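Structure assessment
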Amino acid sequence: MTALNGIKVIELAGLAPGPFCGMILADFGAKVIRVDRIKAPQDASQLGRGKLSIAVNLKKTEGVAVVRKLCKSADVLIEPFRAGVMEKLGLGPKILLADNPSLVYARLTGFGQSGPYAQMAGHDINYLAVAGVLSTLGRKDQNPTPPVNILADMAGGGMTCALGITMALLERNKSGLGQVIDSNMVEGSAYLSSFLWKTQDNQWIWNKPRGGNVLDSGAHFYDTYKTKDGLYMAVGAIEPQFYSKFIEGLGLSSDSNEQYSDWDEMKEKIAKIFATKTRDEWCQIFDGTDACVTPVLGLEEAASNPHNKSKQTFLSSPNGKSEPIPAPRLSRTPGMPSSTSQPHIGEHTRQVLYDAGYSEKEVDQLENSEAVECHKHQSKL
């Protein structure tokens, strides 16, 4: 048994945030049906594990009718379009919640359903910028640095949306009613960064411009250092007792144990020391200590790290690559992908339509009219 067993989710295909949200729900047991576009490239999403795929042409009224019918028996809808698109399709929340009052209708966008930016295109870097978060990221005297697309897309977008969905499902147990979720990446990123807002006046944490503070690479005891073999170690020795272990591991004398001496000078000194040994040699010194020093691992290296390996933090996908297991771990109903394979677009079209009550003749008619597309690949789910 999994936590979301029995929950049916309709996910309208989109870019990274929506697919990640759907994958979270699928990993924890929900039946997630991804509605793909017809004639879409087969590698359109890499976050499809455990999902079913039905290919639908939303430019045809018959295709829109298919999605509407699927939503009548669904618990959740995830839609990733700009404000107003679903209404134009005839699939807005007023219509679908009238059909199915218990539906949790999750709208996942960059700028939200209203406001001056609601109709603007954007990406992770833009949402972070508008949220005020990007201004805090980066090294001293350099431009703000975007953290790939993890913070806004995945955390502020997909993960936050999944949290909103599970809260709405929990509330539905009391009211019996669904609701509309406005999950947008500007607000999600801002909320994730609450610590930044709450500590703006904390002189210990933020008393200098970007890149000159304790947690943003300003301090010599909270940064990365290059090793002899061109790899890196991460240092997070903030507390005095941890800093002492860090200094000891470097082989520095107690005279150097001045945590708040000249940070730039200490950085140069420590960088020279780290460059004298390989990353593995430094791991032999710091592993098992409270110095808060760890290797900076590559994606594939992380899977073979002794700690991660012992915890089985990563699993193998069909292409031979490693990918993370669902988190967090639940003691009775843990998340576990029903399949690590990516569904072919339209792979489950017939199966989904039959389950929704369509006859074989009706499915043939839908396919012939190009309202849906059926991929002939044999399902492995």
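Attention in this report is confined to the structure presented alongside it. Bear in mind that the values here come from a model prediction, so they are computed numbers and not experimental data.

This structure, assessed with the given rule, holds 16 salt bridges. Of the charged contacts in the structure, one is a salt bridge between Arg-172 and Asp-75, with a shortest N-O distance of 2.9 Å. Within this pair, whereas Arg-172 is found in helix α6 (residues 150-175), its partner Asp-75 is found in the loop between α2 (61-72) and β4 (76-79), the two being separated by 97 residues in sequence. Here Arg-172 matches Asp-75 in class, with each residue buried.

With that out of the way, let us pick up the pairing of strand β7 (residues 222-226). Bridge count for β7 against strand β8 (residues 232-236) is five bridges, and the pairing is antiparallel. The residue of β8 that forms the bridge with Lys-226 is Tyr-232.

Here we come to the environment of Leu-192. Within the fold, Leu-192 resides in helix α7 (residues 185-192). The partly exposed category is assigned to Leu-192, whose relative accessible area is 43%. Separated by 59 residues in sequence, Leu-192 and Val-133 have C-alpha atoms that sit 9.6 Å apart. Residues contacting Leu-192, with those up to four places away along its chain left out, are Leu-151, Ala-155 and Gly-156.

What follows is about the sheet that holds β7. Adjacent strands of a sheet form backbone hydrogen bonds with each other and so pair up, either parallel or antiparallel. Strands sit in the order β7-β8-β9 across an open sheet of three strands; the sheet is antiparallel. Among the strands making up the open sheet, the edge pair consists of β7 and β9 (293-295). Adjacent strand axes in the sheet meet at a mean angle of 25 degrees, parallel and antiparallel pairs treated alike. Of the strand pairs in this sheet, β8 and β9 are connected by three bridges, and their pairing is antiparallel. Of the residues in β9, the one forming a bridge with Met-233 is Pro-295. Sitting on the sheet, helix α10 (residues 263-274) is in contact with β7 and β8, with an inclination near 40 degrees to β7.

Glancing now at unusual backbone geometry. Residue Pro-328 follows Ala-327 across a cis peptide bond; omega there is 5 degrees. In the Ramachandran plot, Cys-292 falls in the positive-phi region, its phi being about 60 degrees despite a non-glycine side chain. Among the secondary structure elements, Cys-292 is positioned in the loop between α11 (279-286) and β9. By relative accessible area, which is 32% here, Cys-292 ends up partly exposed. In the Ramachandran plot, Gln-312 falls in the positive-phi region, its phi being about 55 degrees despite a non-glycine side chain. Assignment of secondary structure puts Gln-312 in the loop between α13 (306-311) and β10 (314-316).

A contiguous nonpolar patch, built from Tyr-117, Met-120 and Val-130 and spanning about 270 Å² of accessible area, is present on the exposed surface. Turning to its location among the elements, Met-120 is positioned in the loop between β5 (104-109) and α5 (124-131).

This next bit is on the state of the cysteines. Counted according to the given criterion, the structure contains zero disulfides. The closest cysteine sulfur to the non-disulfide-bonded Cys-283 is located on Cys-292, 14 Å from its own sulfur. No disulfide involves Cys-374; its sulfur sits 19 Å from the nearest other cysteine sulfur, which is in Cys-71.

Generally speaking, a soluble globular protein has its nonpolar side chains buried in company with each other. One finds Ile-10, Ile-54, Val-66, Leu-77 and Leu-353 to be the most contacted residues of the largest nonpolar core, which totals 26 residues. Of all the elements in the fold, those that place two or more residues in this core are β1 (8-12), β2 (31-37), β3 (52-56), α2, α14 (349-355) and α15 (360-368). No other element matches the five residues that α2 contributes to this core. Not counting the four nearest positions on each side in its chain, Ile-10 is found in contact with Ile-33, Val-35, Leu-70, Cys-71, Ala-74, Val-76, Leu-77 and Ile-78. Judged by nonpolar contacts, the second largest core, of 24 residues, contains Val-32, Val-76, Ile-78 and Ala-106.

Helical geometry note: an α-helix holds 3.6 residues per turn, so side chains three or four residues apart project in the same direction. For α10, built from 12 residues, the straight-helix expectation of 16 Å at 1.5 Å per residue is met to within 8% by its first-to-last C-alpha distance of 16 Å. Listed as buried for α10 are Trp-263, Met-266, Lys-267, Ile-270, Ile-273 and Phe-274. Buried residues of α10, viewed axially, fall in a sector of 125 degrees; they line one side. Exposed residues pointing more than 90 degrees away from the buried face of α10 are listed as Glu-265, Glu-268 and Lys-272. Buried residues belonging to α10 abut β7, β8, α9 (240-250) and α11. If you check the start of α10, you find a side-chain oxygen 3.0 Å away from the backbone N of Asp-264, and it comes from Asp-262.

Bringing the sheet that holds strand β12 (residues 372-373) into the picture now. The mixed open sheet is built from seven strands, whose spatial order is β6-β5-β4-β1-β2-β3-β12. What marks the edges here is a single partner per strand, and that holds for β6 (180-184) and β12. Relative to β5, β4 runs parallel, the two sharing four bridges. Bridging from a neighbouring strand, Leu-77 pairs with Tyr-105 of β5. The sheet strands contacting α6 are β4, β5 and β6, and the helix crosses β5 at an angle near 165 degrees. The sheet strands contacting α7 are β5 and β6, and the helix crosses β6 at an angle near 70 degrees.

Rules and cut-offs
In every chain, residue numbers begin from 1 and rise along the written sequence. Local features in this predicted model are restricted to residues whose pLDDT is 70 or higher, and side-chain atom pairs enter the listing and the counts only when it is 80 or higher, whereas totals over whole chains, interfaces and linings include all residues. As a convention, hydrogens and water are excluded, and side-chain values are obtained from all of the structure's heavy atoms. The salt bridge definition used is simple: a Lys or Arg side-chain nitrogen within 4 Å of an Asp or Glu carboxyl oxygen. The helix and strand labels rest on DSSP assignments: H or I over at least four residues marks a helix, E over at least two residues marks a strand, and numbering proceeds from the N terminus. Remark: exposure states derive from per-residue accessible area (1.4 Å probe, protein chains only) relative to the maximum for the residue type, with buried under 20%, exposed over 50%, and partly exposed in between. We treat two strands as partners when DSSP finds at least two bridges between them. We call two residues contacting when some pair of their heavy atoms lies within 4.5 Å. Between the N-to-C directions of two axes lies an angle of 0 to 180 degrees, each axis being a line fitted to C-alpha atoms and, for a helix, fitted only over the stretch in contact. Exposure above 30% relative accessible area and the absence of a salt bridge qualify a residue for a patch, where like charges join within 9 Å and nonpolar side chains (Val, Leu, Ile, Met, Phe, Trp, Tyr) within 5 Å. Shrake-Rupley sampling with a 1.4 Å probe provides the accessible areas, and residues are treated as covered by the protein chains on show and by no other component. Criterion for a disulfide: a pair of cysteine sulfur atoms at a distance within 2.5 Å. For our purposes a nonpolar core is just a set of buried Ala, Val, Leu, Ile, Met, Phe, Trp, Tyr and Cys residues, chained together by side-chain atoms within 4.5 Å. To estimate the expected span of a helix, subtract one from its residue number and multiply by 1.5 Å. Picture the helix axis, draw a direction to every C-beta atom, and the arc is the one those directions span. Think of a polar contact as two N or O atoms within 3.5 Å of one another; within protein, one of them needs to be a possible hydrogen donor and the other a possible acceptor, and neighboring residues in sequence only count if both atoms come from side chains.

Honestly, it's all geometry; don't read function into it.
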